[in-house]
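Residues per chain, in single letters:
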Amino acid sequence: MTRIPIRRALISVYDKTGLEELASGLHAAGVEIISTGSTAARIGAAGVPVTPVEQLTGFPECLDGRVKTLHPRVHAGLLADTANPGHEAELAGLGIEPFQLLVSSLYPFEATVASGASPGQCVEQIDIGGPSMIRAAAKNHGSVAVIVDPSRYADVLAALAEGGFTLDQRRGLAAEAFARTAAYDLAVASWFASAYAPDQTARDTGWPHVAGVLWRRADVLRYGENPHQRAALYVTERTGGASARSGIAAAELLHGKAMSYNNYVDADAARRAAYDFAEPCVAIIKHSNPCGIAIGPDLADAHAKAHACDPVSAFGGVIAANGPVTADLARQIAGVFTEVVVAPGFDDEALDILSASKNVRLLRCVPPGAAAATEVRPVSGGMLLQSADRVAEPGDDPANWELKAGPAADPAQLADLAFAWKACRAVKSNAILLASGGASVGVGMGQVNRVDSARLAVLRAGDRAAGSVAASDAYFPFPDGFEILAEAGVRAVAEPGGSIRDQLTVTAAEAAGVSLYFTGVRHFYH
């Protein structure tokens, strides 16, 4: 029999969610409860008998509560292997009773850091006794069950009715416990490395000498990028930045088949493209690139314009909208085979319309709050960490652009240039995006030279290139790429500038009568 009846429990929790119900259930099952500080006070206030930990240890809590459970009568009770006769004899000689259950949640260090608290406040939220008890109980899972999350309280009550947790259950709980303390220690170590910069390079550059997060498996996918590859989805809560809950990995699947690896990749690219805009925006993505992106007075109008950019490529694409999907938008989407629709929400009628198709996946993905400060990219044997690329640099504001050639753009052209510049950030480099009326009309993406990107954008735009505007994510190293745009009838171009041959492009723009703006900022997207 691997079940161990729960006769004695130690409870010490910061998160008091469900505490009274848990304590009442334990008491009803005849379990003796020992508890600490405010936890004991809450249990007692609920009318449940509880023994304060200082009565157990014979030593008062001290140092503003820093020392409560760091005592042999606590840790011997957690670490005693009750299947070992020697341990049993030692406990008896010391007059110490073993525990069969530990319930502990830690001080909110991660949340304190994320709140922008002072270093002193963050340090005070580093839990010492909690991790020590959790690790002790988890190590001794042969004799003790450890609970680190209120969501497990129902499991405790169920185990009480069944005579205790099984060994397999205790092993699983121990794995969760070690994962929690590992994540906690990683958060503390990463914050300390940033806040106190123990090496000169960290002090000079702002990059800590160590950084880490713990990833938790959220789903196992059917396969990866190709059918012969295995894949899984992992999520994390990063400290000091945007919550992972606002990312595509935490999006809620409202309808449709399970997401695939490629669905997640494209959905994230679509979210990045559409959510960059404050105006109603729709992006249609294929293989991580926009085959159409547009803004409009409403999402249905934006979608119609985005779809018109490249209707052929839109078939089987992924759509992201930066506002709730309406019935009008849903009717338009329903007419085209679409893999995934990503939005902050769906109106009831829109959900009914789109759910009529079993093939489309509907994802509710909340807009990001504070943008993540850094971006991570794995490379063989390591990772690259960089500050996040945002459309928030001074050069992203047309008011700061420098007119280098041609007449000043009229208000409509300047609005289209501003749209094209922001939309171009979502296109893989080398990137050229042609726009008109708040919509892309031609996109050249992912080419190994800017000339081919310009040709591709013009080819896809066709007759719509004449009178359009264009954005280039980086400078033209030679004027030939610009000349392709000018020859197609593009009337204004925004590009970063910065080439040693900029003057050749400026001269070409003057000769063609094309308005040429330098933004001073580059948005490569590899």
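Conventions adopted
- Residues numbered from 1 in each chain as written.
- Predicted model: local features only at pLDDT ≥ 70, side-chain atom pairs only at ≥ 80, totals over all residues.
- Heavy atoms only, no water.
- Helix = DSSP H or I, 4+ residues; strand = E, 2+ residues; numbered from the N terminus.
- Rg over C-alpha atoms; globule rule 2.2 N^0.38 Å.
- Buried < 20%, exposed > 50% of the residue type's maximum accessible area, 1.4 Å probe, protein only.
- Salt bridge = Lys/Arg side-chain N within 4 Å of Asp/Glu carboxyl O.
- Pairing = 2+ DSSP bridges.
- Contact = heavy atoms within 4.5 Å.
- Axes fitted to C-alpha atoms, helices over the stretch in contact; angles between N-to-C directions.
- Expected span 1.5 Å × (residues − 1).
- Parallel < 35°, antiparallel > 145°, perpendicular 65-115°, else oblique.
- Nonpolar A, V, L, I, M, F, W, Y, C, P; charged D, E, K, R; others polar.
- Phe/Tyr/Trp six-rings, centres within 6.5 Å; stacked < 30°, edge-to-face > 60°.
- Lys NZ or Arg CZ within 6 Å of the ring centre and 35° of its normal.
- Patch = residues over 30% accessible without salt bridge, like charges linked within 9 Å, V, L, I, M, F, W, Y side chains within 5 Å.
- Areas by Shrake-Rupley, 256 points an atom, 1.4 Å probe, with all protein chains shown as cover.
- Right-handed = clockwise from strand over helix to strand, strands pointing away.

Peer 1: Hey, could you go over the overall build of the protein chain for me, with residue numbers and the actual values?
Peer 2: Assigned secondary structure in the protein chain consists of 20 helices and 21 strands. Relative to the globule expectation of 24 Å for 526 residues, the C-alpha radius of gyration of the protein chain, 30 Å, shows a markedly less compact shape. When the backbone C-alpha atoms are referred to their principal axes, the protein chain occupies close to 100 × 60 × 45 Å. Taking all 526 residues of the protein chain together, the buried fraction comes to 46%.

Peer 1: Lay out the pattern of salt bridges in plain terms, naming residues and giving numbers.
Peer 2: One pass over the structure, following the stated rule, counts 19 salt bridges. The salt bridge partner of Arg 8 is Glu 32, with a shortest N-O separation of 3.4 Å. Taken together, the residues Arg 8 in strand β1 (residues 8–13) and Glu 32 in strand β2 (residues 32–35) connect sequence positions 24 residues apart. Taking relative accessible area as the criterion, Arg 8 reaches 7% and is therefore assigned buried. Under the relative-accessibility criterion, Glu 32 is labelled partly exposed at 38%. In this structure, the salt-bridge partner of Glu 176 is Arg 152, at a minimum N-O distance of 2.2 Å. Here Glu 176, found in helix α10 (residues 167–195), pairs with Arg 152, found in the loop between β5 (145–147) and α9 (153–161); they are 24 residues apart in sequence, far enough to count as distant. A relative accessible area of 29% means that Glu 176 is categorised as partly exposed. Through salt bridges with shared partners, a single network forms among Arg 272, Asp 276, Asp 389 and Arg 425.

Peer 1: Go over the sheet that holds strand β3 (residues 51–52) with me, naming the residues and quoting the values.
Peer 2: Pairing is parallel across the open sheet formed by five strands, whose spatial order is β3-β2-β1-β4-β5. Because the sheet does not close on itself, it has two edges, and the strands there are β3 and β5. Pairing between β1 and β2: four bridges, direction parallel. Its bridge partner being in β2, Arg 8 is matched across the sheet by Glu 32. With respect to the sheet, helix α1 (residues 19–28) is in contact with β1, β2 and β4 (101–105), its orientation differing from that of β1 by roughly 170 degrees.

Peer 1: Now, about the environment of Leu 19: what can you tell me, with residues and values included?
Peer 2: Its location among the elements puts Leu 19 in helix α1. The spacing of Leu 19 and Val 469 is 450 residues in sequence and 62 Å in space, taken between C-alpha atoms. In this structure Leu 19 touches Ile 11, Val 13, Thr 39, Arg 42, Ile 43 and Tyr 153, once residues within four positions along its chain are discounted.

Peer 1: For the pairing of strand β9 (residues 281–286), give the residues involved together with the corresponding values.
Peer 2: Where burial is concerned, most of β9 is hidden: five out of the six residues are buried. Judged from the six bridges that link them, β9 and strand β10 (residues 289–295) form a sheet pairing that is antiparallel. Paired with Lys 286 across the strands is Asn 289, a residue of β10. Hairpin connection between β9 and β10: a loop of two residues separates the two successive antiparallel strands, and His 287 in this loop has a positive phi of roughly 50 degrees. Here β9 pairs with strand β11 (residues 317–321) via four bridges, running antiparallel.

Peer 1: Give me the lowdown on unusual backbone geometry, citing residues and values where you can.
Peer 2: The residue after Ser 429, namely Asn 430, is reached through a cis peptide bond having omega -5 degrees. Unusually for a residue other than glycine, Ser 288 sits at a positive phi of about 70 degrees. Structurally, the position occupied by Ser 288 is in the loop between β9 and β10. Taking the relative accessible area as the measure of exposure, Ser 288 reaches 11% and is therefore buried.

Peer 1: Could you give an account of helix α12 (residues 261–274), with specific residues and numbers?
Peer 2: Counted at 1.5 Å a residue, the expected span for α12 with its 14 residues is 20 Å, and the 20 Å between its end C-alpha atoms agrees. Of all 14 residues that make up α12, ten are buried, and the element is covered over most of its length. Those residues of α12 lying buried are Asn 263, Tyr 264, Asp 266, Ala 267, Ala 269, Ala 270, Arg 271, Arg 272, Ala 273 and Ala 274.

Peer 1: Give a description of the packing of helix α13 (residues 299–309) against helix α15 (residues 327–334) that names residues and reports values.
Peer 2: Where α13 contacts α15, the two axes come as close as 8 Å, and the packing angle between them is 25 degrees. The angle between α13 and α15 falls in the class roughly parallel. Side by side, α13 and α15 meet where Leu 299, Ala 300, His 303 and Ala 304 of the first sit next to Asp 328, Leu 329, Gln 332 and Ile 333 of the second. Tallied by class, the residues present in the contact of α13 with α15 amount to five nonpolar, two polar and one charged.

Peer 1: Kindly report on the packing of aromatic side chains, identifying the contributing residues and their values.
Peer 2: If you walk through the whole model with that rule in mind, you get nine aromatic pairs. An aromatic cluster is present here, built from Phe 109, Tyr 184, Trp 191 and Phe 192 joined pairwise through their rings. Directly above the aromatic system of Phe 99 lies the positively charged group of Arg 8, at a separation of 4.4 Å from the ring centroid. In this arrangement the basic side chain of Arg 272 is found over the ring face of Tyr 525, its NZ or CZ atom lying 3.9 Å from the centre.

Peer 1: Break down a nonpolar patch on the surface for me, citing the residues and quoting the values.
Peer 2: Side chains of Trp 207, Val 376, Met 383 and Leu 385 sit close together on the surface and give an oily, nonpolar patch of about 330 Å² of accessible area. Within the secondary structure layout, Leu 385 lies in strand β15 (residues 382–387).

Peer 1: I'd like a rundown of the pairing of β2, residues and numbers included.
Peer 2: Between β1 and its parallel partner β2, the chain crosses via α1, and the hand of that crossover is right-handed. Where β2 lies against β3, two bridges are found, and the strand directions are parallel. Within β3, the position partnered with Ser 35 by the bridge is Pro 52. Assessed by its sense of winding, the connection that carries the chain from β2 through helix α2 (residues 37–45) to β3 is right-handed.

Peer 1: Go over the side chain of Ser 440, please, and point to the residues and values.
Peer 2: Looking at where Ser 440 falls in the secondary structure, it is placed in strand β18 (residues 439–444). A relative accessible area of 1% places Ser 440 in the buried class. Excluding residues within four positions of it along the chain, Ser 440 makes contact with Gly 292, Ile 293, Lys 305, Cys 309, Phe 419, Leu 433, Leu 434 and Ala 435.

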